[in-house]
Amino acid sequence: ISSPMKSLIPLIALSLIPVLAAFQVSNPSHPRRSVKSTQVVHATTIDTDEHNQFDPIWLAPDDMKALSEVTKIATETLSAVHSDATYYQNSLEPAMYRINRRNDDKGLLKSIAGIESTAAPPPLAQDAAEKTIRWCSDFVQTLNLCPWAKKSLQSNNAIRIKIMPQSMGTDAMEQLIRDSAHELIDLTDSGEVDINVGITFVIAIGNDDSDAGEPAFDFEEFYTFVIDLEDRMFDEADAAHEEMDDSEDVFMPMDPLFGDKVTIAPFHPEWFFAGEGEGDENPLNYEKKSPFPTVSLVRTSTIVQTG
């Protein structure tokens, strides 16, 4: 990615924040919302204990292998294409996969019905997956904060959720973000997922309630971690392109290049825009308040087209 583009992408992404969060000003089909009404919608979405109406199925790695043998679909394809949430317990090896009953492949669902899984994900992992989807549906889509939220929600498995304990730390979260970026590129480039609706959320949860406030995932430190990662992604992409320009024979693996193909953005339960009113005073803060510390990944071309 060229240096001018390196500067352009963050500006485009930042320009969307006031436009999308203050949509009620420019979109006459929606009345302008007060801070109070925004709080009500947000609280209803985040605080509810409502269970997932689509009854998702969680499978352990051994269950996925058994399913692969029955369906003749490679385990990697099953996990990448047919699961909408993945839980990582103590390492970057998946501990559980979630298959949603909204899946369009009825044959796959029938095969799953024949597998008796004895494993179950921690309640916090289930809660994170369900609340994040509900946040997208009942808050982001309802308030029209994102131009492609509705299409993502309506497209089969366009939304992917990666869940990890906060105790794994930011180094593990960075690696999970990088791995998720490669997966998103592969799925959208292959056509398995529409490039304009594919989105991945990498979520950090506490191991239990006492673990929920670890310093590395406090808002300011979490924000700094994500912005630093974004800067390094751009720098890696710039260096890779310069190296390729210097020698046409150089083959460059995808890792240094994904910074110009995927855009990341931080969200946090305690988000606030500095200088714009902290806490509950500014309705714009709610555009970035997610149920858990979260990093979203979308294809950069989608943001450029939107901008």
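Residues numbered from 1 in each chain as written. Predicted model: local features only at pLDDT ≥ 70, side-chain atom pairs only at ≥ 80, totals over all residues. Heavy atoms only, no water.

Trainee: Tell me about the overall build of the protein chain, and please be specific about residues and values.
Mentor: Counting its regular elements, the protein chain contains 11 helices and 7 strands. Residues counted as buried form 49% of the 307 residues belonging to the protein chain. Taking contacts inside the protein chain between residues at least 6 apart in sequence as the whole, the part at least 24 apart equals 75%. Carbon and sulfur atoms make up 51% of the accessible area of the protein chain, which totals about 14800 Å². (Helix = DSSP H or I, 4+ residues; strand = E, 2+ residues; numbered from the N terminus. Buried < 20%, exposed > 50% of the residue type's maximum accessible area, 1.4 Å probe, protein only. Contact = heavy atoms within 4.5 Å. Areas by Shrake-Rupley, 256 points an atom, 1.4 Å probe, with all protein chains shown as cover.)

Trainee: Talk me through the pairing of strand β3 (residues 96-99); I want residue IDs and the actual numbers.
Mentor: Of the two faces of β3, the one lined by M96 and R98 and the one lined by Y97 and I99 are each fully buried. As judged from the 3 bridges shared by strand β1 (residues 57-59) and β3, these two strands associate in the antiparallel manner. Considered in β3, the bridge of W58 is made with R98. One ladder, built from 3 bridges, connects strand β2 (residues 85-87) with β3; its direction is antiparallel. Looking at β3, one finds that T86 is bridged to Y97. (Pairing = 2+ DSSP bridges.)

Trainee: Go over the sheet that holds strand β5 (residues 199-205), please, and point to the residues and values.
Mentor: Pairing is mixed across the open sheet formed by 7 strands, whose spatial order is β1-β3-β2-β4-β5-β7-β6. At either margin of the open sheet sits one strand with a lone partner, and together these are β1 and β6 (262-267). Averaged over neighbouring strand pairs, the angle between their axes works out to 20 degrees when direction is ignored. Judged from the 3 bridges that link them, β2 and strand β4 (residues 159-165) form a sheet pairing that is parallel. The residue bridging T86 from the neighbouring strand is K162, located in β4. Running over the sheet, helix α9 (residues 169-190) touches β4, β5, β6 and β7 (294-299) and is turned about 25 degrees from β7. (Axes fitted to C-alpha atoms, helices over the stretch in contact; angles between N-to-C directions.)

Trainee: Explain a negative patch on the surface to me, and be specific about the residues and the numbers.
Mentor: A cluster of acidic side chains, namely D218, E220, E221 and E270, defines a negative patch on the protein surface. Turning to its location among the elements, E220 is positioned in helix α10 (residues 219-246). Classification of E220 as exposed rests on a relative accessible area of 56%. (Patch = residues over 30% accessible without salt bridge, like charges linked within 9 Å, V, L, I, M, F, W, Y side chains within 5 Å. Salt bridge = Lys/Arg side-chain N within 4 Å of Asp/Glu carboxyl O. Lys, Arg positive; Asp, Glu negative; His and termini not counted. Charge placed at Lys NZ, Arg CZ, Asp CG, Glu CD.)

Trainee: Break down the packing of helix α4 (residues 61-71) against helix α6 (residues 106-113) for me, citing the residues and quoting the values.
Mentor: Where α4 contacts α6, the axes come no closer than 10 Å and their chain directions differ by 125 degrees. When the interaxial angle is binned, α4 and α6 end up oblique. The crossing of α4 and α6 is right-handed. Counting all contacts with α4, which are made through L67, V70 and T71, the residues of α6 involved are L108, S111 and I112. (Parallel < 35°, antiparallel > 145°, perpendicular 65-115°, else oblique. Left-handed = near helix turned anticlockwise from the far one by under 90°.)

Trainee: Kindly report on the pattern of salt bridges, identifying the contributing residues and their values.
Mentor: Scanning all chains against the criterion turns up 8 salt bridges. For D127, the salt bridge goes to K131, with nearest N and O atoms at 3.5 Å. Here K131 and D127 lie together in helix α7 (residues 123-141), a separation of 4 residues that amounts to about one turn. Its salt-bridge partner being K162, residue E183 comes within 3.0 Å of it at the nearest N-O pair. In this pair, E183 is assigned in helix α9 and K162 in strand β4, connecting sequence segments 21 residues apart. Sharing partners across several salt bridges, the network here consists of E174, R178, D228, R232 and E236.

Trainee: Give me the environment of M64: which residues, what numbers.
Mentor: Residue placement: M64 occurs in helix α4. For the pair M64 and S117, spaced 53 residues apart in sequence, the C-alpha separation works out to 9.8 Å. Setting aside residues no more than four positions away along its own chain, M64 makes contact with L59, T75, L78, S79 and Y97.

Trainee: Report on unusual backbone geometry, specifying residues and quantitative values.
Mentor: With glycine set apart, most residues show a phi of negative sign, and most peptide bonds adopt trans. Non-glycine residue K72 carries a positive phi angle of around 65 degrees. If you trace the backbone, K72 turns up in the loop between α4 and α5 (75-82).

Trainee: Explain the environment of P283 to me, using residue names and the numbers behind them.
Mentor: You can see P283 is positioned in the loop between β6 and β7. Between the C-alpha atom of P283 and that of F272, which follows or precedes it by 11 residues, the distance is 9.6 Å.

Trainee: Give a detailed account of the packing of aromatic side chains, specifying residues and quantitative values.
Mentor: Taken as a whole and assessed by the stated rule, the structure comprises 9 aromatic pairs. Between W135 and F267, the aromatic rings sit 5.5 Å apart at their centres with planes inclined by 75 degrees, giving edge-to-face as the arrangement. Of this pair, W135 sits in helix α7 while F267 sits in strand β6, and the two are 132 residues apart along the sequence. Accessibility assignment for this pair places W135 and F267 in one class, buried. Between F217 and F222 the ring centres are 6.0 Å apart and the planes differ by 35 degrees, which places this aromatic pair in the tilted class. Of the residues examined, F217 reaches a relative accessible area of 3% and is grouped as buried. (Phe/Tyr/Trp six-rings, centres within 6.5 Å; stacked < 30°, edge-to-face > 60°.)

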